[in-house]
Structure formats: structure tokens, C-alpha cells
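# Structural overview for review
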Amino acid sequence: MDTIFAWVSDDSDNYKTIEKAGSIIKSGGLVAFPTETVYGLGANALDEKAVTKIFEAKGRPQDNPLIIHINYITDLQKYAYVQDDRVYKLLERFWPGPLTVVLKKRSIVPDIISAGLDTVAVRCPSHPIARALINSAGVPIAAPSANTSGRPSPTKASHVYSDLNGKIDMILDGGSCDIGVESTVLSLAAQAPVLLRPGGVTLEELEEVLGRVETDRAVFEKIDALRKVSSPGMKYRHYAPRAKVIAITGNDRAVIGYINKNLKNKTEKTGVLCYTGEEKKFKNADMVISYGKKKQPVTLTQNLFDALRAFDETDVQLIFARCPGTKGLGLAVSNRIMKAAGFERIDL
Ligand code: TXA
Ligand code: MG
């Protein structure tokens, strides 16, 4: 299949490009598009055949459910049962934006979207291109991250291109994503809210509105692939570059010292994923890639996946990854690094 690649800038030609993309979605095709979190691979959420194509293009396991993207809070109750006001209280603050809510689903939602669960995940993106596309398609859009299953999520159109060129109908290039990690997934399907995936909206922000929010075990621990989990996506090795990753937490001196000691005795090509400004500290590394400033966590979320992908262009076999603490956006960064590492971690 020939994939159309279209740059979407701020000029009036956008209108035609978005119309084209919208008509592809309407007629059952696949379009990759930018959101404020990561690029999504969209299809008409109400068209089961179109949604099947998403799973095929990504090589995604069928038991991993998809998020439905809508433009207005008022559309939520078309697809999910909204039983209490706390949902609207939450969404008034965080929508449009990087928050996905999981609620009991209505029967209009095809089973393939929810992978047979009785719940559905819904999100209202803030990115103007995502919003224009949903509007132009005139249907809700099902969209996982637009990467090959298991690879780091795409934060640039070139990432989508390298994974999915030839497998999808169109890629809309809107530049780099502002947040760079996926949305926060919060289950409100039961009485107590549960954080299933940390993301652009922080746990602290959620708790300001909801009071205490529980965090699912899968955020911190490796989950047995056979066990039933609340969010099936959490059980797969994810965000993984080809090299083995070891996540390292602790204070600067201890972590830098530990990595250098190991670099001296290394037996394989070894890379370091570090913070900006400390690149020169790892003289014996075969490859050093920095991913942002420790004190500005949003720079870490923005660049993490691009940095993990950059290691794939090299021949390193092992990566020591600097992992931040779990406050604020640090929780999302740390969760993605732990997942890339298959939860192999060293706490110093
Ligand atoms: O930021 C994002 O959320 C991006 C952009 C494109 O919107 N999308 C995204 O989709 O990250 P995906 O498919 O890569 O991740 C969706 C996550 C998975 O972990 C999945 O298991 C979980 O949401 N999920 C979806 N439906 C669910 C449900 N009904 N119950 C629990 N978890 C669900
Ligand atoms: Mg994904």
C-alpha cells in the first residue's frame, strides 16, 4: 500500500489535507496523526473492520483494548455510562488534554475496541490537528500509539514512517509532540478511582480533584502475562529499544559512579541514557544520549522515546538508563523506563 505522507502546517492548505484524511477514516482506512501526547493510528471507532486493520498494521495483540478519541465532553455518554458528577468535575478540568478515562461501556462500542471487557477508554485530545481530524471524519476515532507493537511510541512523524510506512493509508506530520508520553489512563469504572497508566496529567493533579487515587500494581511491577490485569496493555514489554535496558535510580553521585564502574568492566557495547549536561561524564561508554533536564521533567517526557529509538540506530547491546523519582511527571518517565527495562532496576 502507498502511504500518503502530508506535512500539516499552519496555513490554509491544511483544510484540504485534513479533509482527505477525514474521508479516509470515514471510508474505513487508517490515518496516523499527531496528538499532544504521542502520534496515534486512527480508524473509525464504530467500524469493526477498520479497527481490525489497526491491530494488523501494528501487530498488536487482540486482547489489548483501544482508546476512543472524541472532541466534546458531551459525546462521552454516547459511548460510556457516566453515573456520577465526579467524572464531569474531573473532565472539566483536564479535557481536552492528556487524560483517558475508563468507564462502563455502552453496546454501540464494538467488542474489538474493548477487547471483550465491559469497559471503554475515552479521551478528548487538545492537539488542533487531532481535533480537526475528528471533526472532519465526523466519527469517534479509535487510536493506539502509531508504532509497531512493542516499539517506543512515536513522538515525530518520522517515527511513524519508519514503523508503518506501506501499512497504513496516510501520515499527517504535525511536528514533535508537546508531551511525548502517552495519556494518563484512569479507571472510574468502580467506586474507587485507579490509575492504570501514569501520563501527561499527574497523579497529584488527579488527587486534587478526586482525593486519594490508587495506583495499579502494574505501574511498578512486572505482570505475569497470563494473569488477568485491569489494563491489558500494561502486561506487555513496551517502549523497548533492541538493546537490553537497565533502569538506575538514586542520587547523582551514586548513579554516575555506578555506571562508570560498570563501563570499565563492560563486555558488550554499552550505552548510557543520561540527563542533559552530564554527557561528558561517561568516557567509556560506546554511546551517550541525553534526554532532557532533570529539573524540567517535561523535557524528559518530550525526548524519552526519541532517545530510546536513537539507540536502535547504534549497535549498543546494553543501556544504563538514568531514571528520575516518581513525583509529578517523573512517575510517567520512570514507568516508561521501567517497562523498557522489563522492570530490571537498580536502586542506589
Ligand atoms: O496518549 C495516548 O493515550 C495515545 C494517543 C494516540 O491518544 N494513545 C495510546 O493508546 O497510548 P495505546 O493503545 O497505545 O494505549 C492504550 C492503553 C493501553 O495500555 C490499554 O490497555 C489501555 O489504554 N486501555 C484501553 N482500553 C481500556 C479499558 N477498557 N480498560 C483498561 N485499560 C484500557
Ligand atoms: Mg501504545
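Attention here is on the structure that accompanies the text. (Residues numbered from 1 in each chain as written. Chains lettered and ligands numbered in written order. Predicted model: local features only at pLDDT ≥ 70, side-chain atom pairs only at ≥ 80, totals over all residues. Heavy atoms only, no water.)

### Points about the packing of helix H1 (residues 14-26) against helix H6 (residues 128-137)
One can describe the packing of H1 onto H6 by two numbers: an axis separation of 8 Å at closest approach and a directional angle of 55°. In terms of orientation, H1 lies oblique with respect to H6. Handedness of the H1/H6 crossing: right-handed. The residues of H6 that touch H1, namely those facing Ile18, Glu19, Ala21, Gly22, Ile25 and Lys26, are Ile129, Ala132, Leu133, Ser136 and Ala137. Taken together, the residues that form the contact of H1 with H6 break down as seven nonpolar, two polar and two charged. (Axes fitted to C-alpha atoms, helices over the stretch in contact; angles between N-to-C directions. Helix = DSSP H or I, 4+ residues; strand = E, 2+ residues; numbered from the N terminus. Parallel < 35°, antiparallel > 145°, perpendicular 65-115°, else oblique. Left-handed = near helix turned anticlockwise from the far one by under 90°. Contact = heavy atoms within 4.5 Å. Nonpolar A, V, L, I, M, F, W, Y, C, P; charged D, E, K, R; others polar.)

### Digging into the packing of helix H10 (residues 297-311) against helix H11 (residues 330-340)
Contact pair H10 / H11: the axes reach a minimum separation of 10 Å and the direction vectors enclose 15°. It follows from the interaxial angle that H10 and H11 lie roughly parallel. Once H10 is placed against H11, the crossing between them reads as left-handed. Facing Leu300, Thr301, Leu304, Phe305 and Leu308 of H10, the residues of H11 in contact are Val333, Arg336, Ile337 and Ala340.

### Examining the pairing of strand S12 (residues 244-249)
Within S12, five of the six residues are buried, leaving the element largely enclosed by the surrounding structure. Relative to strand S15 (residues 318-322), S12 runs parallel, the two being bridged by five bridges. Of the residues in S15, the one forming a bridge with Ile248 is Arg322. Across three bridges, S12 lies against strand S16 (residues 345-347) in parallel orientation. Across the sheet, the residue bridging to Ile248 is Ile346, located in S16. (Buried < 20%, exposed > 50% of the residue type's maximum accessible area, 1.4 Å probe, protein only. Pairing = 2+ DSSP bridges.)

### Examining helix H8 (residues 203-210)
Restricting attention to buried positions, one finds in H8 the residues Leu203, Leu206, Val209 and Leu210. All buried residues of H8 fall inside an arc of 125° around its axis, so they share one side. Its buried side turned inward, H8 meets helix H4 (85-94), strand S5 (99-104), strand S9 (184-187), strand S10 (194-197), strand S11 (214-215) and H11. A positive backbone phi angle near 75° is found at Gly211, which sits one or two residues after H8. (Arc of directions from axis to C-beta.)

### Describing the sheet that holds S12
Strands sit in the order S14-S13-S15-S12-S16 across an open sheet of five strands; the sheet is parallel. Single-partner strands in this sheet number two, and they are strand S14 (287-290) and S16. When strand polarity is set aside, the average angle formed by the axes of neighbouring strands in this sheet is 20°. Looking at chain direction, strand S13 (residues 270-274) and S15 are connected through four bridges and run parallel. Each residue of the ladder has a partner; that of Leu273, found in S15, is Ala321. Running at roughly 170° to S15, helix H9 (residues 252-264) makes contact with S12, S13, S15 and S16 of the sheet. Along the sheet, H10 makes contact with S13, S14 and S15, crossing S13 at roughly 170°.

### Describing the packing of aromatic side chains
Taken as a whole, this structure holds three aromatic pairs when the rule is applied. An angle of 85° between the planes, with centres 5.7 Å apart, marks the rings of Phe5 and Tyr161 as edge-to-face. Taken together, the residues Phe5 in strand S1 (residues 4-7) and Tyr161 in helix H7 (residues 157-164) connect sequence positions 156 residues apart. Exposure remark for Phe5: the relative accessible area of 38% places this residue in the partly exposed category. Where Tyr275 meets Tyr291, the ring centres are 5.9 Å apart and the plane angle is 35°; that geometry is what we call tilted. Of this pair, Tyr275 sits in the loop between S13 and S14 while Tyr291 sits in the loop between S14 and H10; the two residues are 16 residues apart in sequence, bridging distant segments of the chain. In this pair, the class of Tyr275 matches that of Tyr291, namely buried. A cation sits over an aromatic face here: Arg106 above Tyr81, 4.1 Å from the ring centre. The ring of Tyr72 carries Arg131 above its face, with NZ or CZ at 5.8 Å from the centroid. (Phe/Tyr/Trp six-rings, centres within 6.5 Å; stacked < 30°, edge-to-face > 60°. Lys NZ or Arg CZ within 6 Å of the ring centre and 35° of its normal.)

### Looking at the sheet that holds strand S2 (residues 31-33)
Taken in spatial order, the eleven strands of this open sheet run S1-S8-S2-S3-S7-S4-S6-S5-S9-S10-S11, and their pairing is mixed. In the strand order of this sheet, the two ends are held by S1 and S11, each with one partner. Sheet analysis places S9 next to S10, joined by three bridges and oriented antiparallel. If you follow Ser187 over to S10, its bridge partner there is Val194. Across the sheet, H1 is in contact with S1, S2, strand S3 (40-44), strand S7 (141-142) and strand S8 (170-173); its angle to S8 comes to roughly 145°. Of the strands in this sheet, S5, S9, S10 and S11 are in contact with H8, which crosses S9 at around 35°.

### Re H6
Every α-helix winds through 3.6 residues per turn, so residues three or four apart in the chain are directed the same way. Every buried residue of H6 is listed here: Ile129, Ala130, Leu133, Ile134 and Ala137. Viewed end-on, H6 has its buried residues packed into an arc of 135°, placing them on one side of the element. Exposed residues pointing more than 90 degrees away from the buried face of H6 are listed as Pro128 and Asn135. Along its buried surface, H6 packs onto H1, S2, strand S4 (67-69), S7 and S8. Looking one or two residues beyond H6, the residue adopting positive phi is Gly138, at roughly 70°.

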